[in-house]
Amino acid sequence: MIQEERLISLFKNLCLINAPALEERESVAWTKQYLLKMGLEVVEDNASEIIGGNANNLIATLKGTVPSAPRIFLSAHFDTVEPTEGLEIEERDGVFYSKSDTILGADDKGGMAPIIEAVHAFIDSGEPHGDIVLLLSCAEEIGLKGAAALKIEDLDLDFGYVLDTGPPVGSYVTRTGTHDKIDIEIIGKPAHAGKDPEKGINAIQVAARAISQMKLGRIDAETTANLGVIQGGSATNVVCASVLIRAEARSTNEQVLDEQVDHMVKLFAEAASEYGAQVKIRHDRHYRAYNVSEDSMVVQIAQRASRALGLEPALRTTLGGSDANIYNAKGIPSIVVATGMDKIHTHDEYISRADMIKNAELCVEIIRETAKLSRPQKS
Ligand SMILES: [Zn+2]
């Protein structure tokens, strides 16, 4: 059913259009034409107005021939981490790499090409299927912004699949963590370091006091914490007046996460008060955990699809986030489907021809399995 060369040429075309977050317009326009030519009904939402980019999310629908079947979505994101400008693709032994100094962009074009090809295969074959909606999002890499702007709750979807994690193909992410971001600004007091050091309050010293006592790294099997950025100071002869620290913490258990964040915030506050400095904290819940039950229709269908292809349908837990976190939070059961993309966000990123074909075949099986069932009752 899958046309290999059509799939690979679609993948390459998608990768070759430069599409950093908030600048996906060309990629969106090209894909829109491709989907319209396939005969899909394609609409753009108004995400650009909400997130400030130059492109919108695409919603493309193939009307079903089995009206009783669940109405599902298949999803991937347009944007890639930079740099991808000037990409040249090289294929070695059936594996695609970037030949130039850029990233390949298999994250997430290696998910996007197979879902489009799977839908194309159903159009060609005339095989019965339910409604299939492609959700192609923008600005995923900078904080799931396109998905957050997408009004998925208005699309009357039952559940769906986000192709956006690493191998092995056939496995799924059904459980993730909650991810918090914390910005800490410590405000001390400047003074001449040689003349009046006792008149200053050194923000670096305050930060050091707090950080030296902080639990960081792996907190438990499913909780992590990190200080990723520290900025501050102006010159060696000035007592450092302010420091900005950017931190994060993640956990599958929100209570444990809250305790870890409290621990970090408390140490900064205590150190600040000890030195007479001030501290400003900005705490954001970046995305919320989900845990989709193995008994749910979305997981059952996925597992049957993997088995139909002889693949191991393992269910995975990760502390990484994806558009599925947003879709689940908006009430649409969603799981992440593994793709072949590996070493993502690096120059060594790669994906194989065989894994992309397998992913497209897996999506075909998901659509087939879905067509055998009836729409679940909305709770
Ligand atoms: Zn991705």
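Predicted model only: the values in this text are computed from it and were never measured.

1. Points about the overall build of the chain
Here is step 1 of the chain: Along its length, the chain carries ten helices and 16 strands.
Here is step 2 of the chain: For the chain, the spread of C-alpha atoms along the principal axes amounts to about 85 × 45 × 40 Å.
Here is step 3 of the chain: Buried positions account for 49% of the 379 residues belonging to the chain.
Here is step 4 of the chain: Looking at the chain alone, contacts between residues at least 24 apart form 77% of all its contacts between residues at least 6 apart.

2. Remarks on helix H2 (residues 25-38)
Here is step 1 of the chain: Look at H2: 20 Å from first C-alpha to last across 14 residues, which is about the 20 Å you get at 1.5 Å a residue.
Here is step 2 of the chain: The set of residues buried in H2 consists of Ser-27, Val-28, Thr-31 and Leu-35. Take H2 and look down its axis: the buried residues cluster within an arc of 95°, on one side only. Opposite its buried face, H2 presents the exposed residues Gln-33, Leu-36 and Lys-37, each directed more than 90 degrees away.

3. Observations regarding the domain arrangement of the chain
Here is step 1 of the chain: Taken domain by domain, the chain holds domain 1 (4-176 + 288-371) and domain 2 (179-286).
Here is step 2 of the chain: One C-alpha centre belongs to domain 1, the other to domain 2; they are set 38 Å apart.
Here is step 3 of the chain: Contacts between domain 1 and domain 2 engage seven residues on the former and seven residues on the latter.
Here is step 4 of the chain: Each residue belonging to the side of domain 1 that touches domain 2 can be placed in one class, and the counts come to two nonpolar, three polar and two charged.

4. What to know about the environment of Ile-17
Here is step 1 of the chain: Here Ile-17 lies in the loop between helix H1 (4-16) and H2.
Here is step 2 of the chain: A tally of 20 C-beta atoms within 10 Å means that Ile-17 is categorised as buried.
Here is step 3 of the chain: Placed 243 residues apart in sequence, Ile-17 and Gln-260 show a C-alpha to C-alpha distance of 42 Å.
Here is step 4 of the chain: Ignoring anything within four residues of it in the chain, the contact list for Ile-17 reads Glu-26, Ser-27 and Trp-30.

5. What about the nonpolar core?
Here is step 1 of the chain: Core analysis: the largest hydrophobic core is formed by 86 residues, its most contacted members being Ile-115, Leu-134, Ile-335 and Cys-363.
Here is step 2 of the chain: Among the elements that make up this core, the one with the highest residue count is helix H4 (residues 106-125) (nine residues).
Here is step 3 of the chain: In contact with Leu-134, other than residues within four places in its own chain, are Ala-60, Leu-74, Ile-115, Ile-116 and Val-119.
Here is step 4 of the chain: In terms of nonpolar packing, the next biggest core, distinct from the first, is built from 24 residues, Ile-184, Ala-225, Val-243 and Ala-249 among them.

6. Re unusual backbone geometry
Backbone geometry follows two general trends: most residues other than glycine have a negative phi, and most peptide bonds adopt the trans configuration.
Here is step 1 of the chain: Look at the link from Asp-107 to Asp-108: it is a cis peptide, with omega at 20°.
Here is step 2 of the chain: The topology assignment puts Asp-108 in helix H4.
Here is step 3 of the chain: With omega at 5°, the peptide bond leading from Pro-167 into Pro-168 counts as cis.
Here is step 4 of the chain: Checked against the element boundaries, Pro-168 lands in the loop between strand E7 (159-165) and strand E8 (172-176).
Here is step 5 of the chain: In this model, Asp-93 sits at a positive phi of 50°, which is unusual for a non-glycine residue.
Here is step 6 of the chain: Among the secondary structure elements, Asp-93 is positioned in the loop between strand E4 (89-92) and strand E5 (95-98).
Here is step 7 of the chain: Residue Ala-139 is not a glycine yet carries a positive backbone phi of 50°.
Here is step 8 of the chain: Mapping Ala-139 onto the fold places it in the loop between strand E6 (132-137) and helix H5 (145-149).
Here is step 9 of the chain: For Ala-139, a count of 28 C-beta atoms within 10 Å puts it in the buried group.

7. Considerations on the packing of H1 against helix H10 (residues 353-371)
Here is step 1 of the chain: Relative to each other, H1 and H10 sit at 110°, their axes nearing to 10 Å. Taken together, the axes of H1 and H10 are roughly perpendicular relative to one another. On H10, the residues that touch Glu-4, Leu-7, Ile-8 and Phe-11 of H1 are Arg-353, Met-356, Ile-357 and Ala-360.
Here is step 2 of the chain: Here the contact of H1 with H10 is composed, by residue class, of six nonpolar, no polar and two charged.

8. Considering helix H7 (residues 254-275)
Here is step 1 of the chain: Its 22 residues give H7 an end-to-end C-alpha distance of 32 Å, which sits within 8% of 32 Å, the value for a rise of 1.5 Å per residue.
Here is step 2 of the chain: Along H7, the positions that sit buried rather than exposed are Leu-257, Gln-260, Val-261, Met-264, Phe-268, Ala-271 and Ala-272. The buried residues of H7 all sit within an arc of 110° when viewed along its axis, so they share a single face. Exposed residues on H7 whose side chains face more than 90 degrees from its buried face are Gln-255, Asp-262, Lys-266, Ser-273 and Glu-274.
Here is step 3 of the chain: On its buried face, H7 sits against strand E9 (178-187), helix H6 (203-212), strand E10 (217-220), strand E11 (223-232), strand E12 (242-251) and strand E13 (278-287).
Here is step 4 of the chain: Looking one or two places after H7, you find Gly-276, whose phi comes out positive at around 75°.

Basis of the calculations
- Residues numbered from 1 in each chain as written.
- Predicted model: local features only at pLDDT ≥ 70, side-chain atom pairs only at ≥ 80, totals over all residues.
- Helix = DSSP H or I, 4+ residues; strand = E, 2+ residues; numbered from the N terminus.
- Buried ≥ 20, exposed ≤ 12 C-beta atoms within 10 Å, placed from the backbone.
- Contact = placed C-beta atoms within 7 Å.
- Expected span 1.5 Å × (residues − 1).
- Arc of directions from axis to C-beta.
- Domains from an automatic or database assignment.
- Nonpolar A, V, L, I, M, F, W, Y, C, P; charged D, E, K, R; others polar.
- Core = buried A, V, L, I, M, F, W, Y, C linked by C-beta atoms within 7 Å.
- Axes fitted to C-alpha atoms, helices over the stretch in contact; angles between N-to-C directions.
- Parallel < 35°, antiparallel > 145°, perpendicular 65-115°, else oblique.

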